[in-house]
Structure formats: structure tokens, C-alpha cells
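# Coordinates in review
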Amino acid sequence: MELIKDISDIRHHFPALSQSVNGKPLVYFDNGATAQKPDCVIELVNKMNSGINGNIHRAVHELSARTTELYEGARESVRNFINADSREEIVFTSGTTASINLVANSFSQAFLKKGEAVLLTEGEHHSNIVPWQMACERHGAKLRVLPVDENGCWKMELLDSLLSDGKVKIASVAHISNVLGVVNPIEELIEACHRFGVPVMIDGAQGIIHSSVDVKKLDCEFYVFSGHKLYGPTGIGVLYGKKVFLQKMPPWMGGGDMVGTVTFKKTTYADLPLKFEAGTPNFIGAAGLGEAIGFLAKIDKNFIKEHEEILVARMLEGLASVDKLKLYGVSDRKISLFSFNVGNVHPTDVAMLMDKMGIALRSGMMCAEPLMSHFGVSGMLRASLSVYNTVEEIDYFVNSLKRVLKMLS
Amino acid sequence: MTIKEAENQIIEEFSIFTDWLDKYEYLIELGKSLPIIKESSKSETNLIKGCQSKVWLAADYKDGKIYFTADSDAIITKGIISLLIRVFSGRAPQEIIDADLGFIKEIGLQDNLSPTRSNGLVSMIKQIKFYALAFSANK
């Protein structure tokens, strides 16, 4: 199979990229929020909605058999993609947030008791704070927070002191922050946590896109991510969990597909992974995610890596040429995601005017209020790039940014 | 001048702009020249929190008319606020309640005032109407 290793080839597969917005060619720099979809994913979703549609795992008829095959095939694609041991360790959810909520509920039910603690970092997305806060409130436990430094990097030297009293029962941390775009030292954190017998969940919403994830090598207990940021459909996500933990955790939601036998006296539960998949799952979304993973496999890995390095270098150079620009998240392990402010200019004003120029950016708190407080700001601008973005788009973005700042000054 | 007349005046001012750039430059100018709200009025009770930008709105009722002052931390939002203040401030409550704000669409700013933009402006208009209702009930 001939691999794709050319940017115009890649762009050609994403119909959304060729549209105009506000009369200008779209420059889509909001990939951290959601990614555009390749044609094969769109076609599969269409094909399923217009024909291959029958509820999975339930019926003997042909359509049900075909969707079940696509659904379980997608599970196998995901398993292979992150190098998990077995299909039982891959649970489909509606997204990263749902996966975290599942673990926060079910794990805490089994393992978190009064007076104990959950370890997070200051750089977390609200989706990796609130579910744990809710779990702690329910079980009488507390949150412990590993702080970040002025560059947004974890203060690793404080880690042992947060773990040493044995109160922490689980750590849940982002692989890559959605605000800072810095690859966190998760290997080091996992190693430290394991020394104290603490299991670790990795929020891979951003991490799954920008690095190749091998859950066996990482040795994390849980890894979670969404399909829609990985060029798949919305409403589908993944929870990877080590079998030994998933087996000990009680089901979170009850209903169809997660049962063994049901009587009014007692219900037994299905085996993994169905124990955690109550109700009709988003089988079309899952199949679409499987297709997206298949598409990624068709792109040359070295090209992806080199292209991202080029984009990061060009963007850093461009941003450095803007007067009074403050970049948040500075590290030599930087991905193509850049949050910044310029002087006292309000991020919303910039984003609004950039939108008029066809450039899609994110502005605001980016669902990470504690991190905004850490940097003493009420919002930031974010440009998050993807495999299909180009150097030309970066140049247009930087020039447009300068023009907009002049208007606002 | 009635609310309708004030709206028409704004529509006429904006009619000279042929592209979005000029229009937003004008809004930015308006934002910069909006009279500053009293610092004491920028209180938590007067804050209308949008996800993107903050808006403060204060109302005074004098001789049957409502006088609004407002501010925002974002300059374009502030520019749009200054238009709303021009239209609404110094009016009788009933006139405010009856206003349909057709000028916003006419000058092409409806996008900025759609509830999905979460910039606090939609809530601000709602708040202005609430003040009018409250003051008309207290008459």
C-alpha cells in the first residue's frame, strides 16, 4: 500500500477544508476542540445510516450481524492502535468526559473511602476535575493537586510528597494539556505512582492525536480519549482499562447489553467489556472511529512527525514576531497547540475579527479555569493545528493577527 | 427622539460601510469612547457573565425614565453595548418593553447577538428588558 506523505494529498481527503468562511478560505486552527473528518469516515457513516443499520449484539438478522461486525471490528482497531492486550480492555463510551466519569464513579465506588485522596494536576481540563470532585464529595475523600510552574510544566519534585502518606488511591492526569500543548512526563509520573501502589488514569483527549500511544509500554491503568478529535465522528469515545481493574469495578450504568441474567431478585452482569456498555451504544460512531484509525494508518508516520515539527517551528517563529505576545506552555516537548495573549487585548475581540478573516480560533477559558487563575488571566487565545494544516496557513494567520492587533490597539 | 428613530439613525450611520473591516473599526472606536461606568457599579450584582466576555450593566430610574450605564472587558462587545445604550437609555419603561431591536439585523450584527455566541450581549438585552418591567411595575 502506497502511504500518503504529501500535504495536498492529505487535505484532499478532508472536504471541510475546501470551504470558504465569511468570504475567505477557511483556516481551521481549532483542532484541539474537534477535528475535521476524512472522506472515508463520512462515507461509512452515510452508508450505515442509509443501509447498514441494525442494532448490535441483539438479533440474528443480516443487518444486525453486519453492524455488530463493524462495531467489534472497530474495537479491534482501537485495541491494536493503542496496543492493548485484549478486546475486553476496550470500552466504548460517548467521549473522554464520559470515560472519566465512568472511572470516577465506578473506581471510586470500589476503591475510594473516607479520608483518602485523588491526585490531579493544576493543568487539568474541567472534565478531569469535576467528576473527581463529585466522587470525592460522595465518598468523603479529597483532591490533591500537583502544581505547574510558570511554563506550565508539572512540578515533579513535589510528587513524592503528595504520594508518600499512602492516602492517594488514584491519579488522573492529562497526557497533553488542552491549553498548554506540552507533552507531560506521564512515564515518570506513572513510575512514581506505581512505587506507591497508586493506579493512574491518563486523559488522552489531546495526547492520542499528537503521539503514538502504547498502553502496555506506558503501563497506565486507564487511558481515555474521544473519537471526534481523532478525525472520527462525535459522540464516541474510548476507555482503556487494565482487565484486573475493570473486573473489580462495578458497572456504572444499568440496562441492555450489560447484563447476564435479569430477575427481580438479582441481576448478573455481562463480561467485559459489555459490562460497561449499557444501552444501545453509538455503533455508527464506533465504526466511524475504526475507519478514522484505518485512515491514519495510511499516512506515513515519519511524515506526520516531521510535518508537525515544521508547523511547530514556523508557528513559534511567527508568534515570536508579534509584539507583546505571551505564550503559555513553553517546553521542548511542544505540540502544535499554542495558547497566548497579546498585551491587554481581549482574546474574544481577536477571535471575532480573525473569524471574519476565515480563521477559526478558540478564545476564553478553554474549560480550564484553575489554569487560567494560575496564569492570572480570564482567558486566552488558542491556535491548535493538525496534520492537514500548512505553513502557508500559519503565515496567513500571523499576518492576520498583526493586522487585527493594529485595529484593536 | 423615539427608539425607532434612534435605531434608524444608527442604520444610516452603518449604511456607509461596504465591508466588515470598516464596520468593526467603527465599533472599536465606539467601544473606546463609551463613557466609563462608575467603578462602584462594576459590582458582582451588576455583572452579566458570558463564557467569553464580561458585561456590567447598571440602571438608574429618574423622572419616569431609565438611564443605563454599562461596560465590558472586550472592546467589540463594548462597541455594541454603546449602540444599545444609545437606543435604550433615557427611555420610559414601556418604550423599552415594546422595542424590537430590528436595527441589529439591519446593520449586520445579528451574529454577535445570537445566544450561541455567549458574549453576554443577549443576557444584557434581557436584563435591560427586566429592568424596564421592574420599573414599570413599581410605578
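When helices and strands are counted, chain B shows six helices and three strands. Of the regular secondary structure in chain B, the N- to C-terminal order runs α-α-β-β-β-α-α-α-α. By the compact-globule yardstick of 14 Å for 139 residues, chain B fits well, its C-alpha radius of gyration being 14 Å. Taken along its principal axes, the extent of the C-alpha atoms in chain B is 45 × 30 × 25 Å. The long-range fraction of contacts in chain B, counting pairs at least 24 apart against all pairs at least 6 apart in sequence, stands at 67%.

We now examine the interface of chain A and chain B. Facing the 10 residues of chain A at the interface are 12 residues of chain B. Sorting the residues of the side of chain A that touches chain B by element identifies α13 (347-356), β16 (362-364) and α15 (391-408) of chain A as the ones contributing at least two each.

This part is about the nonpolar core. Residue and element names in this part refer to chain A. The biggest cluster of nonpolar side chains holds 152 residues, and the ones touching the most others in it are Ala 171, Val 200, Phe 222, Tyr 223, Tyr 240 and Ala 287. Residue assignment places this core across two domains, with domain 1 (7-30 + 300-408) and domain 2 (45-297) each supplying three or more. Leave out the neighbours within four places in its chain, and Val 200 touches Ala 171, Leu 189, Ile 190, Cys 193, Cys 220 and Glu 221.

Attention now moves to the sheet that holds strand β2 (residues 54-62) of chain B. Strands belonging to one sheet form pairs held by backbone hydrogen bonds; the direction of such a pair is parallel or antiparallel. Residues and elements named next belong to chain B. Read across the open sheet, the three strands follow the order β1-β2-β3; overall the sheet is antiparallel. Of all strands in the sheet, those bounded by a partner on one side alone are β1 (47-49) and β3 (65-72). Averaged over neighbouring strand pairs, the angle between their axes works out to 25° when direction is ignored. Bridge analysis of β1 against β2 gives three bridges, and the strand direction is antiparallel. Bridging across to β2, Lys 49 finds its partner in Lys 54. Packing against the sheet, helix α3 (residues 75-88) makes contact with β2 and β3, and its axis sits at approximately 175° to β3. Sitting on the sheet, helix α6 (residues 121-138) touches β1, β2 and β3, and the angle it makes with β2 is about 20°.

Moving on, we come to helix α11 (residues 283-297) of chain A. Under the 1.5 Å per step criterion, the end-to-end length of α11(A) is 21 Å for 15 residues, consistent within 8% with the ideal 21 Å. Of all 15 residues making up α11(A), 13 are buried, and the element is well covered by its neighbours.

Moving on, we get to the pairing of β2(B). Residues and elements named next belong to chain B. Here β2 pairs with β3 via eight bridges, running antiparallel. Counterpart to Ala 59 in the pairing with β3 is Phe 68. Hairpin connection between β2 and β3: a loop of two residues separates the two successive antiparallel strands, and Asp 63 in this loop has a positive phi of roughly 50°.

What follows covers the domain arrangement of chain A. Residues and elements named next belong to chain A. When its domains are assigned, chain A resolves into domain 1 (7-30 + 300-408) and domain 2 (45-297). Inter-centroid distance (C-alpha atoms) of domain 1 to domain 2 is 28 Å. With 18 residues of domain 1 in contact, the opposing surface of domain 2 contributes 19 residues. Looking at the side of domain 1 that touches domain 2, the elements with two or more residues in it are β14 (337-342) and α14 (369-374).

Moving on: the sheet that holds β16(A). All names here are of chain A. Judged by pairing direction, the sheet is antiparallel, and its four strands sit side by side in the order β13-β14-β17-β16 without closing on themselves. A single partner strand is all that each edge strand has here, and the edge strands are β13 (325-328) and β16. The mean angle between the axes of side-by-side strands here comes to 30°, regardless of whether they run parallel or antiparallel. As judged from the three bridges shared by β16 and strand β17 (residues 380-384), these two strands associate in the antiparallel manner. Looking at β17, one finds that Arg 362 is bridged to Arg 382. Sitting on the sheet, α13 touches β14, β16 and β17, and the angle it makes with β16 is about 155°.

Of all residues in chain B, 92% have pLDDT values of 70 or greater, and the mean over the chain is 86. Across the interface, the model reports ipTM at 0.84; the global pTM reads 0.92.

Attention now moves to the environment of A:Gly123. Here A:Gly123 is to be found in the loop between β5 (117-121) and α5 (130-139). If we ignore the near neighbours within four places in the chain, the residues touching A:Gly123 are A:Val148, A:Gly152, A:Ala174, A:Ser177, A:Leu180 and A:Leu371.

Moving on: α15(A). Residues and elements named next belong to chain A. Relative to the 26 Å expected for 18 residues at 1.5 Å per residue, α15 spans 26 Å between its end C-alpha atoms, a close match to the ideal helical length. Among all positions of α15, only Glu 393, Ile 394, Phe 397, Leu 401, Val 404 and Leu 408 are buried. Each buried residue of α15 lies within a common arc of 95° when the element is viewed along its axis, so the set occupies one face. Within α15, the exposed residues directed more than 90 degrees away from the buried face are Glu 392, Asp 395, Asn 399 and Lys 406.

Turning to unusual backbone geometry, a few remarks are in order. Here the residue pair A:Leu272 and A:Pro273 is connected by a cis peptide bond, since its omega of 0° sits within 30 degrees of zero. For A:Pro273, the location among the structural elements is in the loop between β12 (267-269) and α11. Look at B:Asp63: it is not a glycine, yet its phi comes out positive at around 50°. By secondary structure assignment, the location of B:Asp63 is in the loop between β2 and β3.

Residue and element names in this part refer to chain A. Viewed as axis vectors pointing N to C, helix α2 (residues 39-49) and α11 meet at an angle of 155°, and their least axial separation amounts to 9 Å. Comparing the axis directions of α2 and α11 gives the class roughly antiparallel. Taken as a pair, α2 and α11 cross one another with a handedness that is right-handed. Residues Cys 40, Val 41, Leu 44, Val 45, Met 48 and Asn 49 of α2 lie in contact with α11, whose contacting residues are Ile 284, Ala 287, Gly 288, Glu 291, Ala 292 and Phe 295.

A word on the packing of helix α12 (residues 301-320) of chain A against α15(A). Residues and elements named next belong to chain A. For the pair α12 and α15, interaxial distance at closest approach is 10 Å and the crossing angle is 15°. With respect to α15, the element α12 is oriented roughly parallel. For the pair α12 and α15, the sense of crossing is right-handed. In contact with Ile 310, Leu 311, Arg 314, Met 315 and Gly 318 of α12, α15 contributes Val 391, Ile 394 and Val 398. Among the residues making up the contact of α12 with α15, the classes are represented as six nonpolar, one polar and one charged.

All names here are of chain A. As for its position among the elements, Glu 89 is in the loop between α3 (62-82) and β4 (90-93). On the neighbour-count criterion, Glu 89 (24 C-beta atoms within 10 Å) is buried. On a C-alpha basis, the gap between Glu 89 and Val 27 in space is 38 Å, while along the polypeptide they are 62 residues apart. Among residues more than four places away in sequence, those in contact with Glu 89 are Ala 84, Tyr 240, Gly 241, Lys 242, Lys 243 and Leu 246.

Here is what the cut-offs are and how they apply
- Residues numbered from 1 in each chain as written.
- Chains lettered and ligands numbered in written order.
- Predicted model: local features only at pLDDT ≥ 70, side-chain atom pairs only at ≥ 80, totals over all residues.
- Helix = DSSP H or I, 4+ residues; strand = E, 2+ residues; numbered from the N terminus.
- Rg over C-alpha atoms; globule rule 2.2 N^0.38 Å.
- Contact = placed C-beta atoms within 7 Å.
- Core = buried A, V, L, I, M, F, W, Y, C linked by C-beta atoms within 7 Å.
- Buried ≥ 20, exposed ≤ 12 C-beta atoms within 10 Å, placed from the backbone.
- Domains from an automatic or database assignment.
- Pairing = 2+ DSSP bridges.
- Axes fitted to C-alpha atoms, helices over the stretch in contact; angles between N-to-C directions.
- Expected span 1.5 Å × (residues − 1).
- pLDDT = per-residue confidence, 0-100.
- Arc of directions from axis to C-beta.
- Parallel < 35°, antiparallel > 145°, perpendicular 65-115°, else oblique.
- Left-handed = near helix turned anticlockwise from the far one by under 90°.
- Nonpolar A, V, L, I, M, F, W, Y, C, P; charged D, E, K, R; others polar.

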